[in-house]
Amino acid sequence: MAESRTPLPPGTLWPAARERARRALARGALRPVETESLTRADGGVGFQLRVVSSLGRKDEDLRRREGVSPPAANPFLPYDPDLYVADVSDTHVCLLNKFNVIEHHLLVVTRAFEHQESLLDDRDFAALAACLAQGPGLGFYNGGETAGASQPHKHLQVVPLPLADAGPAVPVEAVFAPGEPGRIRRVPRLPFRHAWVRLDASALDAPAQSTSLLQGLYRRLLEEAGISVRRIDGQERQGAPYNLLVAREWMLLVPRSRERFETVSVNALGFAGSLFLRNRDELRRVEQCGPMAVLRSVGVAT
């Protein structure tokens, strides 16, 4: 465990992530899942289909990544010090994703246990804003197992951008239209229930000031998307599973009806335009149906 809990100094997160990844790979603490990336256009989006190419540790690592192996103790209490990247705040710590598909994939984890189905609060958004202010990145949250969450301990996630070599940094941005910041809207080309809002381009430049803005918009997105709020043991919990994506200039919230399309597991990155496929059979099925139909099948009908 690191002792310092001072806020992230500007420009330090991604260099720290790269250096920690180098050490963790050398020590065997980081177990990347190697993939080949293909681009398939559908519904105006250039989807990135990441297909497993690694042979050596594929079966073992995929079982662990998808929670198929026997249940183990909470991997975040305590976390593996070899995966530690930085202290984000007094309430959150940043770790490398052990079984990463995207290089330098980060987990922003609560220090004390909180349930993954608890609503995101100001501390969560403060931590996320601090990470996104460090440089090009996409934040996301899998609200519950049906939305792709593999651990019940609350954690947000951040991946570096761009997700694709060509086109928008986040593929789904290709179907977004200009809009007034703060106005909750629907994106006509997305064939599933969702709520979307554009942010002011400078909203995340001052994380301390952006926290209340992000949390307020998040609450409005939940309401617009039809996600109710429950109280369990005095805590606010989500009334249904959902995915949340947060970029510098927009937020997208998508309710979920199921976790998989056939055998293909879908988390928030699927709605960003990036799907993870375990084998060529899954690739064939996705190409037959189309990536957008995959998202429609795991979302909620409009």
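Source: prediction; values computed, not measured.

**Student:** Please provide a residue-by-residue account of the overall build of the protein, values included.
**Tutor:** Scanning the protein from terminus to terminus reveals 7 helices and 16 strands. Projecting the C-alpha coordinates of the protein onto the three principal axes gives extents of approximately 50 × 45 × 40 Å. Looking at the protein as a whole, 51% of its 302 residues are labelled buried. Restricting to contacts in the protein with at least 6 residues of sequence separation, those with at least 24 account for 68%.

**Student:** Any details on the side chain of Glu114? Residues and values, ideally.
**Tutor:** Along the chain, Glu114 falls in the loop between β5 (106-110) and α3 (122-132). Among the residues examined, Glu114 registers a relative accessible area of 18% and is labelled buried. At 3.4 Å, the side chain of Glu114 and the side chain of Arg123 are in polar contact.

**Student:** Outline the nonpolar core, listing residues and values.
**Tutor:** Membership of the largest hydrophobic core comes to 46 residues, with the highest contact counts inside it found for Leu106, Tyr218, Tyr242, Leu244, Met251 and Leu253. In terms of residues, this core owes the most to one element, α3, which gives 7 residues. In contact with Tyr218, other than residues within four places in its own chain, are Leu119, Leu120, Phe125, Tyr242, Leu244, Met251 and Leu253.

**Student:** Outline the packing of aromatic side chains, supporting the account with residue identities and numerical values.
**Tutor:** Applying the stated criterion across every chain, the model contains 7 aromatic pairs. Their ring planes at 40 degrees and their centres at 5.0 Å tell us that Phe176 and Trp196 sit as a pair that is tilted. Linking Phe176 in the loop between β7 (155-160) and β8 (184-185) with Trp196 in strand β9 (residues 195-198), this pair joins segments that are 20 residues apart in sequence. Residue Trp196 is classed as buried on the basis of its relative accessible area of 1%.

**Student:** Requested: an account of the UniProt feature "active site" (unreviewed entry) in the protein, with residues and values cited.
**Tutor:** Within the UniProt annotation, "active site" (unreviewed entry) is assigned to His155. Mapped onto the elements, His155 comes out in strand β7. In contact with His155, not counting residues within four places along its chain, are Phe76, Leu107, Val108, Val109, Gln116 and Tyr141.

**Student:** I'd like to hear about the sheet that holds strand β2 (residues 45-52), residue by residue, with values.
**Tutor:** The strand order across the open sheet built from 3 strands is β1-β2-β16, with neighbouring strands paired in mixed fashion. Edge positions in the sheet fall to β1 (35-42) and β16 (274-277), since each has one partner strand and no second. Across the sheet, the mean angle separating the axes of adjacent strands is 25 degrees when strand polarity is ignored. Here helix α7 (residues 291-298) sits on the sheet and contacts β1, β2 and β16; the angle it forms with β2, its principal contact strand, is near 85 degrees.

**Student:** Just give me the short version of the environment of Asp121, but keep the residues and values in it.
**Tutor:** Relative to the helices and strands, Asp121 resides in the loop between β5 and α3. A relative accessible area of 16% places Asp121 in the buried class. Here Asp121 is in contact with Glu114, Lys154 and Gln215, once residues within four sequence places are set aside. Among the polar contacts listed, one links the side chain of Asp121 to the side chain of Arg123, at a separation of 2.7 Å.

**Student:** Hey, could you go over the pairing of strand β10 (residues 229-232) for me, with residue numbers and the actual values?
**Tutor:** Across 4 bridges, the pairing between β10 and strand β11 (residues 235-238) is antiparallel. Looking across to β11, one finds that Arg231 is bridged to Glu236. Hairpin connection, β10 to β11: the antiparallel pair is bridged by 2 residues, and Asp233 has positive phi, about 55 degrees.

**Student:** Which residues make up the pairing of strand β4 (residues 92-96), and what values do they have?
**Tutor:** Counting buried positions over the 5 residues of β4 gives 5, a clear majority of the element. Residues His92, Cys94 and Leu96 point to one face of β4 and Val93 and Leu95 to the other, with burial holding for every one of them. Across 3 bridges, the pairing between strand β3 (residues 84-87) and β4 is antiparallel. Residue Tyr84 lies in a different strand from β4, and its bridge partner there is Leu95. Hairpin connection from β3 to β4: 4 residues lie between these consecutive antiparallel strands. Bridge count between β4 and β5: 5 bridges; the pairing is antiparallel.

Criteria and thresholds
- Residues numbered from 1 in each chain as written.
- Predicted model: local features only at pLDDT ≥ 70, side-chain atom pairs only at ≥ 80, totals over all residues.
- Heavy atoms only, no water.
- Helix = DSSP H or I, 4+ residues; strand = E, 2+ residues; numbered from the N terminus.
- Buried < 20%, exposed > 50% of the residue type's maximum accessible area, 1.4 Å probe, protein only.
- Contact = heavy atoms within 4.5 Å.
- Polar contact = N/O pair within 3.5 Å; in protein donor to acceptor, adjacent residues only side chain to side chain.
- Core = buried A, V, L, I, M, F, W, Y, C linked by side-chain atoms within 4.5 Å.
- Phe/Tyr/Trp six-rings, centres within 6.5 Å; stacked < 30°, edge-to-face > 60°.
- UniProt positions renumbered as here; feature names shortened; annotations may be inferred.
- Pairing = 2+ DSSP bridges.
- Axes fitted to C-alpha atoms, helices over the stretch in contact; angles between N-to-C directions.

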